[in-house]
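# Report on the structure
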Number of protein chains: 2
Amino acid sequence: MVSWNNLDTLTSFKELTELKDRVNLVEAMTGENGADRVNRYSVPMGSGLVYNYAAKQVDDKVLEALAALAEEAQLAEKYEALYNGEVINTGEKRLVLHQLCRGQLGSPVVADGVDKRDFYVGEQKKIADFANKVHAGEITNAAGEKFTTVVQIGIGGSDLGPRALYIALENWAKVNNTLKMEAKFISNVDPDDAAAVLNSIDVSRSIFVLVSKSGTTLETLTNESFVKDALQKAGLDPSRHMIAVTSETSPLAKSSDYLAAFFMDDYIGGRYSSSSGVGGAILSLAFGPDVFARILAGAAEEDKLAVNKDMLKNPAMLDAMIGIYERNVQGYPCTAVLPYSQALSRFPAHLQQLDMESNGKSVNRYGEPVNYPTGPIIFGEPGTNGQHSFYQLLHQGTDIVPLQFIGFRNSQIGTDVVIQDSTSQQKLCANVAAQIVAFACGKKDENSNKSFAGGRPSSIIIGDQLTPESLGSLLAHFENKVMFQGFVWNINSFDQEGVQLGKVLAKRVLAHETDGALKVFSDLLNI
Amino acid sequence: MVSWNNLDTLTSFKELTELKDRVNLVEAMTGENGADRVNRYSVPMGSGLVYNYAAKQVDDKVLEALAALAEEAQLAEKYEALYNGEVINTGEKRLVLHQLCRGQLGSPVVADGVDKRDFYVGEQKKIADFANKVHAGEITNAAGEKFTTVVQIGIGGSDLGPRALYIALENWAKVNNTLKMEAKFISNVDPDDAAAVLNSIDVSRSIFVLVSKSGTTLETLTNESFVKDALQKAGLDPSRHMIAVTSETSPLAKSSDYLAAFFMDDYIGGRYSSSSGVGGAILSLAFGPDVFARILAGAAEEDKLAVNKDMLKNPAMLDAMIGIYERNVQGYPCTAVLPYSQALSRFPAHLQQLDMESNGKSVNRYGEPVNYPTGPIIFGEPGTNGQHSFYQLLHQGTDIVPLQFIGFRNSQIGTDVVIQDSTSQQKLCANVAAQIVAFACGKKDENSNKSFAGGRPSSIIIGDQLTPESLGSLLAHFENKVMFQGFVWNINSFDQEGVQLGKVLAKRVLAHETDGALKVFSDLLNI
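Attention in this report is confined to the structure presented alongside it. Computed from a predicted structure; not experimentally measured.

Our focus in this paragraph is the overall build of chain A. Summing up its helical and strand segments, chain A has 18 helices and 15 strands in all. For 527 residues, the compact-globule estimate of 2.2 N^0.38 gives 24 Å, and chain A sits close to it at 24 Å. For chain A, the spread of C-alpha atoms along the three principal axes comes to 70 × 60 × 55 Å. Taken across its 527 residues, chain A has 67% of its residues classed as buried. Counted over contacts in chain A with a minimum sequence separation of 6, partners at least 24 positions apart contribute 74%.

Okay, structure coming up:
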């Protein structure tokens, strides 16, 4: 049996807090000691990735204390409970089953009379069949022409994850001759978002994927109408151009407005839904179902590693626990995600949602306020771009920001030039290696303005190349990391009540049922 | 004479610190009191914009203390010194003159024997002439065809600002029939960045703008070679397709490799360079010189407002001082920038550089360590997208993050639909109004998981529409805000020594002159 306790009630946490500021990172990472750490503080992830934490402020003693905390907090047991179908999302009284989209770690999970793994796999097959027919020209527009473009209409988890994954593999797919359709995304209720996307495509050759689990998301329904309007104005029948990804109980489920409908359920939260039809429909249409299956395979590999009870062999648990040390012992409020890969340009925005929406909570699973910081603020941009931007603060600012680097030995496209005896890819990799050491070790200079204190912690995930598999592994690694941290903080990482109040007030504004400050702001904005 | 003192030595700062947690924002913003605040706590900016700070944690007493601090810190006098040409960038012994690109606030500034305003205006005219000739088909490719695409090759300030401005006006320009050429950007040394852009354009009809003040930026020179290689492989003469924006003393200045060269100088820092040829060349080519001139006019209007010694009539100074209160009295480490405008999707990334690279410093102007936090961490995404992502943490997380909203009454494209009795634009505006009040006032619920504590401060900049003028005003507002905050912190906001160490170490990696941790990381990354 697992028991759910606040972090500050755990004995091992009290012991951990005594290890604050224990590691002098400048010393630890300088000289042969540093080389030894890089070799030792490394753990394999899935798809050939490696998580290296040599430049984190930990040593064997801190790691031991973190492992003790992971054990006392029963992280492995809680994960086991989750994948075996316990009601982990207590607020909404729901199971948490996104992992079942990519594998079966425990016993079959039956809910609502259905084997859930079968259900998710069945939907994947439906999507694959549909995508194959579109690619083969068996499903076409009314004029019998093949569809060339797929447009996702969704917001939040129906946008950020799928978009980040599409951008991550777009160039890879071109090089590997598997870009079947170009993908576009409409998310914002700002009418200029939909208008600009519609102006950039041939609507007569486009399929629109309407994604809303509840079928009631205001932005998404509004943008659906926006698109239908445009289709009708172009003399087209919207029902021949739209498919829905939704739950079986939603108003969109059995509607003749759609060419097809693919289902998910309440056990897959929006920010965890890239593995379901939410990511599956657009990515299968864009890249082909095989590529989407390879993403899922990479994710499944990572899920299996997360089962390991030995923290040092469980990269997601280890990453999570080091994050706990940074947040609750060292007191750092932020984490920056810095992929040295232009293809991952929107991956930080996905992780920002995943992490901040999951763990930006201040009450525990029983609704009681917690007395410690929970989820950090996540931001990031690709390197080397960030080096010429906000890295100044990261190196010499008054606050310390832990860093998560990601780097690959090889580019995706493979076109490259040798300038000053090195390729661009080598320069890219040299920069990320250099940054880790610069942040950790710093450098004294007699001009204090040119001096670097160092002691700024980072970790790096290294891979051969960003492929569907390694991308899937990255995706699942962070999902599992966030889950483990939520367990440690004793919060529910799977609801998002914090988004509700704004929705309620916005409706009131639109109904002109306002007073006080809200009325004046509404007037100022001409609503 | 101005005198430069650390913030914690100022009498008025000590008085300000006694006002910590003075304002109960829930009470202040509820009922008619709230309506009164929205009406009163508002100051006009340039181009018809308004800065409203009703939902900040200030009252008349706090504002009085902030005004006293602004006076004791001699903000107005320091700005005057800056625009009159004093050496404000003491680290690099340079004047700070980006404002001169858009107006002349003080007496003529003569440096290196040149009237600097004349010099900048002269370069603008050269750029305008060049752009007009390209648009008129007087400057063409070797086959006599008109150029259709312009590609910026630059990184950091040569990328983020110009890119954010281009994206901000791309749809506006289409609607107003002033999109002369499509713009693209190559920045990252990741070879996939350049390769993907080159694959997406017709290089034979493209002009490349090489932007590097020093002419030595590794990424930019590498990408230049990458592009030259592609041009040559396409049988084209690179010198007919490339122009340079650089300083007169750089190796690029008088080279026959370029169709033309336009000049800036050491008195304009990268992150402040959008008003110079760095933004001017690409934006004049993309939108026409008139549109670029309108951006500058909007910025100039804002610069004039920043001269006002009365803080309450000086939006940039007021915004800066409220930020000081939040950072140094309330102790908030971050600020989120949340534009309710898809066109401003990359504006937060520009502000992230502007702010974090300028004020992420821990030594004062004399090189002595400061004992207080300086520049905050800046991040942000457009609303309403962010509402379905990281807003959960902003509403219910354990940390408070001050918010900077931006909203416009009208969209740019004007295409819209009425759903449930309101347009998309009205929904967009209703959401931003609702969010301000939700963050400030919160809402009690007997289910603590659905309870909102409120007390989360925000301000909003409201305008009619995002136009060249209002965009220029926004740009200058934040430049001036960051400058004023740097003055208060007594730091040099105009150098960036923190980016140097990484460059040095990366060169060492590429030369294989490494040992210890750096060598092992280099091996792991196959360099």
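With that settled, the discussion passes to the state of the cysteines. Residues and elements named next belong to chain A. Tallied over the entire structure, the rule returns zero disulfides over all chains. Unpaired in this structure, Cys 429 has its nearest cysteine sulfur neighbour in Cys 441, at a distance of 19 Å. With relative accessibility at 3%, the residue Cys 429 sits in the buried group.

Assignment of secondary structure puts Gln 99 of chain B in the loop between α5 (75–83) and β3 (110–111). Those residues in contact with Gln 99 of chain B, other than ones at most four positions away along the chain, are Tyr 79, Leu 82, Asp 303, Asn 480 and Met 483 of chain B.

Below, the discussion takes up the pairing of strand β5 (residues 149–153) of chain A. Regular strands place their side chains on alternate faces of the sheet. Residues and elements named next belong to chain A. Burial within β5 is extensive, with five of its five residues counted as buried. Burial along β5 is two-sided: the face carrying Thr 149, Val 151 and Ile 153 and the face carrying Val 150 and Gln 152 are both buried. Taken together, the five bridges between β5 and strand β6 (residues 182–186) define a ladder with parallel strand orientation. Paired with Gln 152 across the two strands is Phe 185, which belongs to β6. Handedness of the crossover joining β5 and β6 through helix α7 (residues 160–175): right-handed. Of the pairings in the sheet, the one linking β5 to strand β7 (residues 206–211) comprises five bridges and is parallel in character. Of the residues in β7, the one forming a bridge with Val 151 is Phe 208.

With that out of the way, let us pick up the interface of chain B and chain A. Each partner contributes to the interface: chain B provides 132 residues, whereas chain A provides 132 residues. For the pair chain B and chain A, the summed buried surface comes to about 10,900 Å²; carbon and sulfur atoms form 65% of the total. On the chain B side of the contact with chain A, His 388, Phe 521 and Leu 525 of chain B bury the most area, a combined 7% of that side's loss. Counting across the chain B and chain A interface gives four salt bridges. Taken together, chain B and chain A are joined by 42 residue pairs in polar contact (both at pLDDT 80 or more). Of all the elements, helix α15 (residues 424–441) of chain B adds the most residues to the side of chain B that touches chain A, at 15 residues. A class-by-class count of the residues in the side of chain B that touches chain A yields 56 nonpolar, 54 polar and 22 charged.

Here we take up the sheet that holds strand β12 (residues 403–408) of chain A. Residue and element names in this part refer to chain A. Pairing within the open sheet is mixed, and its six strands lie in the order β1-β2-β15-β12-β10-β11. Pairing within the sheet leaves two strands with one partner each, and these edge strands are β1 (42–44) and β11 (377–379). Adjacent strand axes in the sheet meet at a mean angle of 20°, parallel and antiparallel pairs treated alike. Across three bridges, β1 lies against strand β2 (residues 50–52) in antiparallel orientation. Looking across to β2, one finds that Ser 42 is bridged to Asn 52. Of the strands in this sheet, β10 (334–340), β12 and β15 (458–463) touch helix α15 (residues 424–441), which is tilted by about 155° from β12.

Another aspect to go through is helix α13 (residues 347–359) of chain A. With 13 residues, α13 of chain A extends 18 Å from end C-alpha to end C-alpha; this agrees with the ideal 18 Å at 1.5 Å per step. The element α13 of chain A is extensively covered by neighbouring structure, given that 13 of its 13 residues are classed as buried.

Moving on to the pattern of salt bridges. Scanning the model with the defined rule gives 46 salt bridges over all chains in all. Between Glu 469 of chain A and Arg 294 of chain A there is a salt bridge; the shortest N-O distance is 2.6 Å. Pair noted here: Glu 469 of chain A is in helix α16 (residues 468–489) and Arg 294 of chain A is in helix α11 (residues 289–305), with a separation of 175 residues, a long-range link. Arg 102 of chain B is the salt-bridge partner of Glu 479 of chain B, the closest N and O atoms lying 2.8 Å from each other. Placement of the pair is Glu 479 of chain B in helix α16 (residues 468–489) and Arg 102 of chain B in the loop between α5 and β3, with a sequence separation of 377 residues. For Glu 479 of chain B, a relative accessible area of 1% translates into the label buried. What makes Arg 102 of chain B buried here is its relative accessible area of 6%. The structure contains a network of salt bridges with shared partners spanning Asp 36, Arg 40 and Asp 60 of chain A.

Calculation criteria
- Residues numbered from 1 in each chain as written.
- Chains lettered and ligands numbered in written order.
- Predicted model: local features only at pLDDT ≥ 70, side-chain atom pairs only at ≥ 80, totals over all residues.
- Heavy atoms only, no water.
- Helix = DSSP H or I, 4+ residues; strand = E, 2+ residues; numbered from the N terminus.
- Rg over C-alpha atoms; globule rule 2.2 N^0.38 Å.
- Buried < 20%, exposed > 50% of the residue type's maximum accessible area, 1.4 Å probe, protein only.
- Contact = heavy atoms within 4.5 Å.
- Disulfide = S-S within 2.5 Å.
- Pairing = 2+ DSSP bridges.
- Right-handed = clockwise from strand over helix to strand, strands pointing away.
- Buried area = accessible area lost by both parts, 1.4 Å probe.
- Salt bridge = Lys/Arg side-chain N within 4 Å of Asp/Glu carboxyl O.
- Polar contact = N/O pair within 3.5 Å; in protein donor to acceptor, adjacent residues only side chain to side chain.
- Nonpolar A, V, L, I, M, F, W, Y, C, P; charged D, E, K, R; others polar.
- Axes fitted to C-alpha atoms, helices over the stretch in contact; angles between N-to-C directions.
- Expected span 1.5 Å × (residues − 1).

The values are spatial; any link to function lies outside them.
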